[in-house]
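One letter stands for each residue in the lines below.
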Amino acid sequence: MNAHTLPPVSAGTAPVVALRDVHKSFGPLKVLDGVSFEVARGEVTVLIGRSGSGKSTALRCIDRFETIDSGEIEVCGLRVDNPQLDLRALRLDVGIVFQSYNLFPHLTIEENITLAPHSVKKVPKREAKTLAARVLEQVGLGDKLHAYPEQLSGGQQQRAAIARSLAMQPKVMLFDEVTSALDPELTGEVLKVIEALAADGMTMVMVTHEMGFARGIADQVVFMHRGKVHEAGPADILSSPATPELAQFVGTGL
């Protein structure tokens, strides 16, 4: 961290997500090397960096898809690094959307969305259907309730995957390269949905290569380089990087 360091979160406003000196290795490969950052309620934090910089691993550790070797991760008051963590409680608070949509192909979009609220949160079926209709409207797919995933474009499938996460009414949304498999037009429609969520005050952490989008939406940009947080600050660090590494990344990433 250097010139563009964010001010500390003030007392009384505990961060929704906090990573403190997080280390993670896959065998001999050190992927996270003392990573620390915080995300305040209603804030959009964008993780950027080259492939292999550790950004997607950091995101996956927040939702305990990966366990860490040392350090602390706290999400919505839960200690994610605690081996006794109630995973179900964490997953109720955190929604995650990957670049692959992971929709069940044999279920309609409505069935894909109602599955978790009904089976995990015990939401009655009728109420779950109402919820599905609402979140699909939210992502601009109100007319696709009874369609199957294969009948949707890639961008529509990704928006349906976002709707499925929203149906669990999470406190935090994680997005891991959600547009990397889409062409520019479909990318735009997915990013519009994410912009609307940000405008509604959803707390989000996202990994993206879309620098223009990051510049427009991020409250905080975290540039990762070789497993470390190399530079972090408001979105204008993308226009005035303090380090040659970020300057080079932004120069090649636009």
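Residues numbered from 1 in each chain as written. Predicted model: local features only at pLDDT ≥ 70, side-chain atom pairs only at ≥ 80, totals over all residues. Heavy atoms only, no water.

## Comments concerning the nonpolar core
No. 1: Among the nonpolar cores identified, the biggest contains 50 residues, and Ile 48, Ile 162, Phe 175, Ile 194 and Met 204 are the most heavily contacted of them.
No. 2: Those residues in contact with Met 204, other than ones at most four positions away along the chain, are Val 39, Glu 43, Val 44, Thr 45, Met 173, Phe 175, Ile 194, Leu 197 and Ala 198.
No. 3: One finds Val 39, Leu 59, Ile 68 and Val 229 within the second-largest nonpolar core, a separate group that totals 30 residues. (Core = buried A, V, L, I, M, F, W, Y, C linked by side-chain atoms within 4.5 Å. Buried < 20%, exposed > 50% of the residue type's maximum accessible area, 1.4 Å probe, protein only. Contact = heavy atoms within 4.5 Å.)

## Some thoughts on the UniProt feature "domain: ABC transporter" (unreviewed entry) in the protein
No. 1: If you check UniProt for "domain: ABC transporter" (unreviewed entry), the listed places come out as residues 17-250 in our numbering.
No. 2: Summarising residues 17-250: 35% helix, 26% strand, and an end-to-end C-alpha distance of 26 Å. (UniProt positions renumbered as here; feature names shortened; annotations may be inferred. Helix = DSSP H or I, 4+ residues; strand = E, 2+ residues; numbered from the N terminus.)

## Digging into the packing of helix 3 (residues 109-119) against helix 5 (residues 154-166)
A pair of packed helices is captured by two measures, namely the crossing angle of their axes and the spacing between those axes.
No. 1: Relative orientation of the contacting elements helix 3 and helix 5 amounts to 30°, with a least axis distance of 8 Å. Relative to helix 5, the element helix 3 lies roughly parallel. Once helix 3 is placed against helix 5, the crossing between them reads as right-handed. Residue-level contacts link Ile 109, Asn 112 and Ile 113 of helix 3 to Ala 160, Ala 163 and Arg 164 of helix 5. (Axes fitted to C-alpha atoms, helices over the stretch in contact; angles between N-to-C directions. Parallel < 35°, antiparallel > 145°, perpendicular 65-115°, else oblique. Left-handed = near helix turned anticlockwise from the far one by under 90°.)

## Quick word on unusual backbone geometry
No. 1: If you check the backbone angles, Lys 122 has positive phi at about 60° while not being a glycine.
No. 2: Structurally, Lys 122 is set in the loop between helix 3 and helix 4 (125-138).
No. 3: For Lys 122, a relative accessible area of 61% corresponds to the exposed category.
No. 4: Phi angles above zero are rare outside glycine, and Gln 169 is one such case at about 50°.
No. 5: Position of Gln 169 among the secondary structure elements: in the loop between helix 5 and strand 7 (172-176).
No. 6: Given the relative accessible area of 47%, Gln 169 is considered partly exposed.

## A closer look at the pairing of strand 10 (residues 228-233)
No. 1: Relative to strand 10, strand 9 (residues 220-225) runs antiparallel, the two sharing five bridges. Bridge pairing in strand 10 links Phe 223 to Glu 231.
No. 2: Connecting the antiparallel pair strand 9 and strand 10 is a turn made up of two residues, with Arg 226 showing a positive phi of about 55°. (Pairing = 2+ DSSP bridges.)

## A look at the side chain of Glu 231
No. 1: Among the structural elements, Glu 231 can be located in strand 10.
No. 2: Among buried charged residues, Glu 231 stands out as having no salt bridge; its nearest opposite-charge side chain is Arg 50, 11 Å away.
No. 3: In terms of polar contacts, Glu 231 uses its side chain to reach the backbone amide nitrogen of Ala 242, at 2.8 Å.
No. 4: A polar contact of 2.7 Å, which involves the side chain of Glu 231, links it to the side chain of Thr 243. (Lys, Arg positive; Asp, Glu negative; His and termini not counted. Salt bridge = Lys/Arg side-chain N within 4 Å of Asp/Glu carboxyl O. Polar contact = N/O pair within 3.5 Å; in protein donor to acceptor, adjacent residues only side chain to side chain.)

## Notes on helix 1 (residues 55-62)
No. 1: Taken across its eight residues, helix 1 has six buried, putting it largely inside the fold.
No. 2: Among all positions of helix 1, only Lys 55, Thr 57, Ala 58, Leu 59, Cys 61 and Ile 62 are buried.
No. 3: At the C-terminal side of helix 1, Arg 64 shows a positive phi close to 60°.

## So, the pattern of salt bridges
No. 1: This model, assessed by the stated rule, comprises nine salt bridges.
No. 2: The salt bridge partner of Glu 72 is Arg 20, with a shortest N-O separation of 3.3 Å. Here Glu 72, found in strand 4 (residues 70-75), pairs with Arg 20, found in strand 1 (residues 17-26); they are 52 residues apart in sequence, far enough to count as distant.
No. 3: For Arg 20, a relative accessible area of 31% corresponds to the partly exposed category.
No. 4: Where Glu 72 meets Arg 79, a salt bridge forms, and the shortest distance between an N and an O atom there is 3.9 Å.
No. 5: Among the ionic contacts, a cluster of salt bridges with common partners joins Arg 20, Glu 72, Glu 74, Arg 79 and Asp 81.

## Regarding the environment of Met 211
No. 1: On the secondary structure map, Met 211 appears in helix 7 (residues 211-217).
No. 2: In this structure Met 211 comes out as buried when scored by relative accessible area, which is 2%.
No. 3: With 39 residues separating them in the primary sequence, Met 211 and Val 250 have C-alpha atoms 7.6 Å apart.

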